Structures are given as structure tokens and as C-alpha cells.
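Listed below are the residues making up each chain.
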Amino acid sequence: MDKETFRQYGYEFVDWIADYFDNVRNYPIRSSVNPGDIKSLLPGSPPPEGEDMATIWKDFQDIILPGITHWQHPGWFAFFPANNSPASVLGELLTAGIGAQCMVWETSPAAAELEERVLEWLRQMLGLPAGLSGVIQDTASTATLTALLTARETASGFSSNETGIAGNMRVYTSAEAHSSIEKGVKIAGYGSKNLCYIPTGEDYAMLPDKLEQAIRDDLDAGKKPACVVATIGTTSSTAIDPLPEIGRICRKYRVWLHVDAAFTGTAAILEENSNLLKGAEYADSFVFNPHKWLLTNFYCSAYFVKEPELLIRTMTINPEYLKTASDEKVHNYRDWGIQLGRRFRALKLWFVIREYGVSGLKEIVRKHIRLAGLFAYRIKSSEEFELMAPVNTNLVCFRWNDGSRSEKELNILNKKLLSRINESGSVYLTHTILSGRYTIRMAVGQRTTEKEDIARAWEVIKYSLKEIKKSTGRPGTS
Ligand SMILES: *Cc1c(COP(=O)(O)O)cnc(C)c1O
């Protein structure tokens, strides 16, 4: 590609993205293609000769775009948000443009030092304890795996890397914890049988008494408690595990405490939520995702550790060809995680924090929490719907319940209702199961979501309910 063509399409793409930010609400939020549709439009073998940028660009619009689900749509209430923002896209563009591979300090000193600085900013923004050191991981799943590996190595007196795991090392997490814990436990070699799920209370948060009991039982049985993963904001219902109690138990039995705050951690940037991370001083490691709810596009997961030496000692590999003269004086982030090669991810985060400022970010997060509260109020005031879990931040768990149907019927009808809601194409909600009950989740966190979008979602929900009632052939009682 010659320089002029690059320039031409560069400008055109930026124009297109700027328009997309405005137009995204006009797309059907979920792609409606069928499995195999996109693949069938793509040639089975690569082009032998170079193609024209104009053709490639046209194919992006004709083939790729219809297969995109629009996470940046203001009607996005599914799963959790994965926000971008103009500042983060521009940072990403520069990262791609300079194309640096930032595995060690020497391969781009600015990347290493900016990462150190920006993570320190984040630590302050969340009000995490002083002295925690941060590193950007690709995802919370990877950060949690990293924590499980460090916990394993620490609990074995730094022998498990060399000899493998001896005996039954145990990991504890709540029954509501994210699937990445089980995945990490499997990969780290604990064995999924050694993952102990601790029961939760009515609010779906871990019961610390049950945790302590499980640890004692394991000690009595000659097993080795290695790690507790507490969740601040479970994915299902944003339940908040009681960190101070869990932390005291971890300290008492000398067990590694990892805190998974992937989604909800962002809420702690608001002073009114400072209680969310109470007890964080007990954490040996902590993760939250700016790539979910802090306007920084995927991937960007912030991982903090109390004692980086333990992490580095677990991860370090120092072959001759990677040694550099500055190794003693700087952070070589290749030793702070699993992968060797690293993208320059701190740049987009730096752009986001500077362009919004802490106050700008707070304003958006506060808006989401307020809007979720507004929606929860509508659910609470309606006789046909009920809340299914406490609304701790920006997630509302609810279902339709007219009081006249069995649990089994309600499960079937709420599933139907959700699918009808999503057929609208203007909002997207997903579900979970809480205590065996089919529950609809409304996660409010898309950057551009406003009050009108909540109102529209409510209209869609009510309309869909009407349709469902018609089709059940039995009038509702209210
Ligand atoms: C989303 C989520 C994860 C997984 O995050 P990834 O960055 O996609 O790996 C883990 N834990 C919780 C609580 C989450 O909400």
C-alpha cells in the first residue's frame, strides 16, 4: 500500500468510526446471521495476489458488519459492558501504528514506565491500599490464573514449579463465582476436585463461617488450603463477598486471598462506594477490568499484587537471549504474567484517564448506577415484576411474576419473555439462574446509555410481556 492510499483510508476509517459512534443505535443490536453464513461468503483459500483496499473495505461493510453484535449500542444491557470511547480508540490506533512489542523495559521504556504510572493512578482512583503494584493483563481470567499460580507456588514453598503439586492443595470460592476460577484451577494443576465452592447467603454473597469451616475440615484431613478467591460483584447478580471477614480468615490460616472485582471494581472510583473495597488490605492480589466499565477497549485488565517478588519468582524465566543491562533497575513486565510478548496497552488507558479526567469517569459511572436504580424502582413499583437480587451497583436482576404460576411455569415464561424482548433488536438483555429461578439481567454500563434508553427498554419489556401473555392463552391475574 502506498502512503497516499494509507492516508486516504486512514481518514475514511476515522470518519466512519466517528459516524458509527453516532449511528450505532440504528443497527440491530444483535447480529441475526445464522451459523456458517459469514464463512460461506469468505473464500476458502487466501488471495494469491494483493487486492485493492477499496474491495477489502467494501467487503468489511458487506460481509463483516452484518455479523457484528453491537456492544457499543446504547441499548446494550446484556452480560456486562465492554466499552470503548473515542480516546481509547485513538490510543489503540497509535499502539498499532508504532507496533512496539513491549516484553521488557528495553524493548520500549515508555511502555513499561507508563504502565507502572497509570496502574498507580488506577490504584489511587479505586482507593486500593498503598503499596500495591499493578500490571496490565489481557483479561481477568488470565489475572486470576496468574494469582492461582502464584498462590500455588507460594503455598508449596516455591517447589511446585519444579516438582509439580504435591498433596491436595485447595482453592475456595463462592458458589456464585465466575467460571474463570474453575478454569484457572484446572490449568494451574490443582485439579477441579480441589476447588471448594462455599455456599452463599440470601444475597448470594459468600458465607464466611462456611469458608472457615471448609478450611478447618481440609486442615483436619491433611489437605493444604492455598487460595481463596473472593468476588466483589459476581457476574450473575453483583453479589459482594464480605472481604473483611474473608480477609481475616485468610490471614489466620495463611491462605492467599485473590479478589475478583472484574466488573464491579470500577464502581469503587466513586467515593460513595468506598465501602465496596473495604477489607482490600487483606488481598494478596486484586483484579478489575477497565475493558468492561472504564471506557477502555478490550483487552485491558488491571491486576494488582501486594508482593510483586512472589509473582516474579513464580513467573520468571531468564534465558540468555532475554537478559538486558537494565534488568536490575526496571520493571520487565514479561515476568509479571504468563505471556512473553506484550502489546502497549497502557497507552489507551492513559488517553482515557487524561481525556475524561477522574471527574469525567466518575460522572459516567455514577450515571449508570443512577439509571440502574431508576430501572430497579420501576421493577419494584410494578405488580407484575419482582427483583431477584439486591441491586448493589448497575445490575438489576428481575423476573415477571404475577403470583399465579408455579416456579416451573415462571422459568419457561421468563425465558420466552427474554427472547421476545431481544427480538425487538433495540435492546439486548441476558439471563442467569438464581436459586434455580430463571432471572433476567439488565446490566447498565454502556457509555452512551441515557435515561431515554432505559425508558425504551422498559417499554419493550412491557410490550413483550403483553405479547407473551396473549400467546400463553391464559390471562394474567393482574
Ligand atoms: C467478566 C468477569 C470475568 C471474566 O473477565 P475476562 O476479562 O473476560 O476474563 C471474571 N470475573 C468476573 C466477576 C467477571 O464479571
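Residues numbered from 1 in each chain as written. Predicted model: local features only at pLDDT ≥ 70, side-chain atom pairs only at ≥ 80, totals over all residues. Heavy atoms only, no water.

Caption draft 1: Fine view of the domain arrangement of the protein. Domain parsing of the protein yields domain 1 (1-30 + 69-83 + 358-478) and domain 2 (100-344). Counting residues at the interface gives 29 residues for domain 1, matched by 27 residues for domain 2. Both faces considered, domain 1 and domain 2 share a buried interface measuring about 2300 Å² in area, 64% of it formed by carbon and sulfur atoms. Considering only the surface of domain 1 that becomes buried against domain 2, N83, L361 and V365 emerge as the three largest contributors, covering 22% of it. Where domain 1 meets domain 2, there are 3 salt bridges. The residue E272 makes a salt bridge to R366 at a minimum N-O spacing of 2.7 Å. (Domains from an automatic or database assignment. Contact = heavy atoms within 4.5 Å. Buried area = accessible area lost by both parts, 1.4 Å probe. Salt bridge = Lys/Arg side-chain N within 4 Å of Asp/Glu carboxyl O.)

Caption draft 2: Layout of the site of the ligand. Not every one of the 14 residues close to the ligand is listed here, only the nearest: A140, S141, D260, N289 and K292. S141 is positioned with one of its side-chain polar atoms (N or O) 2.5 Å from an oxygen atom of the ligand. Within the side chain of K292, an N or O atom sits 2.9 Å from an oxygen atom of the ligand. Residue assignment for the shell around the ligand shows that the elements contributing at least two residues are α6 (140-155) and α11 (290-293). Looking at the shell around the ligand, its residues break down into 4 nonpolar, 8 polar and 2 charged. (Near = heavy atom within 4 Å. Polar contact = N/O pair within 3.5 Å; in protein donor to acceptor, adjacent residues only side chain to side chain. Helix = DSSP H or I, 4+ residues; strand = E, 2+ residues; numbered from the N terminus. Nonpolar A, V, L, I, M, F, W, Y, C, P; charged D, E, K, R; others polar.)

Caption draft 3: Structural detail: the packing of helix α4 (residues 86-98) against helix α13 (residues 346-381). One can describe the packing of α4 onto α13 by two numbers: an axis separation of 8 Å at closest approach and a directional angle of 150 degrees. Classified by the angle between their axes, α4 and α13 sit roughly antiparallel to one another. Every pair of crossing elements has a handedness; the one defined by α4 and α13 is right-handed. Contacts between α4 and α13 involve P86, A87, S88, L90, G91, E92, L94 and T95 from the former and L347, K348, F351, V352, E355 and Y356 from the latter. Counted by class, the contact of α4 with α13 contains 8 nonpolar, 3 polar and 3 charged residues. (Axes fitted to C-alpha atoms, helices over the stretch in contact; angles between N-to-C directions. Parallel < 35°, antiparallel > 145°, perpendicular 65-115°, else oblique. Left-handed = near helix turned anticlockwise from the far one by under 90°.)

Caption draft 4: Region of the structure containing a nonpolar patch on the surface. There is a patch of nonpolar side chains on the surface, built from V14, L90 and L93 and spanning about 260 Å² of accessible area. Structurally, the position occupied by L93 is in helix α4. (Patch = residues over 30% accessible without salt bridge, like charges linked within 9 Å, V, L, I, M, F, W, Y side chains within 5 Å. Areas by Shrake-Rupley, 256 points an atom, 1.4 Å probe, with all protein chains shown as cover.)

Caption draft 5: Highlighting the pairing of strand β10 (residues 395-400). By the criterion of burial, β10 is predominantly enclosed, with 6 of the 6 residues buried. Residues L395, C397 and R399 of β10 are buried on one face, and the alternating residues V396, F398 and W400, pointing to the opposite face, are buried as well. In this structure, strand β9 (residues 385-387) lies alongside β10, joined through 3 bridges in antiparallel fashion. Pairing of F385 across the sheet is with W400, part of β10. Examined bridge by bridge, β10 and strand β12 (residues 437-443) share 4 bridges and lie antiparallel to one another. (Buried < 20%, exposed > 50% of the residue type's maximum accessible area, 1.4 Å probe, protein only. Pairing = 2+ DSSP bridges.)

Caption draft 6: Representation of the environment of V305 in the model. Topologically, V305 is positioned in strand β8 (residues 301-305). The sequence separation of V305 and S285 amounts to 20 residues, and the corresponding C-alpha distance is 4.4 Å. Non-local contacts of V305, meaning those with residues more than four positions away in its chain, are made with G131, L132, S133, D284, S285, L311 and W336.

Caption draft 7: Seen up close, helix α14 (residues 407-423). The end-to-end C-alpha separation of α14 is 24 Å, in line with the 24 Å expected for 17 residues at 1.5 Å each. Within α14, burial applies to L410, L413, N414, L417, L418, I421 and N422. Looking at the buried residues of α14, the elements they touch are β9, β10, β11 (428-434), β12 and α15 (451-472). Immediately downstream of α14, the backbone of G425 shows phi near 80 degrees, a positive value. (Expected span 1.5 Å × (residues − 1).)

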